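What follows is each chain in one-letter form.
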Amino acid sequence: MILNLLFKNVTKYSKEVYDEFLKFHSKKFSFRYNLFSLAISMLLLFLMMLHISYNNYGIAVIICACLTAFILYRYFQPIEEVRNEYNSEKITKETSYTFSFYEKYFKIYAKREYSKIYYKDLYKIFETNEFFYLYLDKRHSLLLDKNGFQRGTCLEFKNFIKKKCP
């Protein structure tokens, strides 16, 4: 079976590229993240106060511990995740990724390894002035530099990917 290469893109991941992605991701998803955190915190606070009013201090202390753990996790986990990503080899060594797009899937090449992803497995796709962000799920995405197309154009790719992942 002959594969017809439709688009080819090479994107170098660097701290500057990752910073731009973080700004975009934060703008797009921070409101929902914060709203969810606030709702869960308020629910736990309500439960704690309810148990205090019924003199169930043991359960109130457990709920307070859960509330504290939840707030600390929601605050520190994203910071730790970003720090780990900044220190990852793909960012520190400014790894280049080659994306090859075919009719039913695309491949991502880095060094001597590759991954194959079907379009149906993409969660969401966003476009900025400089990048396409192909989200695999709510927390993981692939970054495609619009200036990195070696086969096909940015506009052709935009129309193609919209059809594949509406």
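Please refer to the structure placed before this passage.
Just so you know, the residues in each chain are numbered from 1, in the order the chain's sequence is written. At least 70 in pLDDT is required for a residue's local features to be given in this predicted model, at least 80 for side-chain atom pairs to be given and counted, and no such filter applies to totals for whole chains, interfaces and linings, which use all residues. Computation of side-chain values covers all heavy atoms of the structure but excludes hydrogens and water.

A. The packing of helix H1 (residues 15–53) against helix H2 (residues 57–86), seen in detail. Where H1 meets H2, the closest approach of the two axes is 10 Å, and the angle between their N-to-C directions is 175°. In terms of their interaxial angle, H1 and H2 are classed as roughly antiparallel. Every angle, taken between N-to-C directions, lies between 0 and 180 degrees, and every axis is a line fitted to C-alpha atoms, over only the stretch in contact when it is a helix. Elements are defined by DSSP. Helices are runs of H or I of four residues or more, strands are runs of E of two residues or more, and each kind is numbered from the N terminus. Here is the rule for angles: anything less than 35 degrees is roughly parallel, anything more than 145 is roughly antiparallel, 65 through 115 is roughly perpendicular, and the remaining ranges are oblique.

B. Region of interest: the sheet that holds strand E6 (residues 131–135). Pairing in this open sheet of 3 strands is antiparallel, and the strands run E5-E6-E7 from one edge to the other. Here the strands that pair on one side only, and so sit at the sheet edges, are strand E5 (124–127) and strand E7 (141–145). Strand after strand, the sheet turns through a mean of 15° between neighbouring axes, direction not considered. Whether two strands pair comes down to DSSP finding at least two bridges between them. With 4 bridges joining them, E5 and E6 adopt antiparallel strand pairing. Among the inter-strand pairings, phenylalanine 126 is bridged to a residue of E6, identified as tyrosine 133. Sitting on the sheet, H1 is in contact with E5, E6 and E7, with an inclination near 60° to E6. We call two residues in contact whenever any of their non-hydrogen atoms come within 4.5 Å of each other. In the packing of helix H4 (residues 154–164) onto the sheet, contacts are made with E5, E6 and E7, and the angle to E6 comes to roughly 25°.

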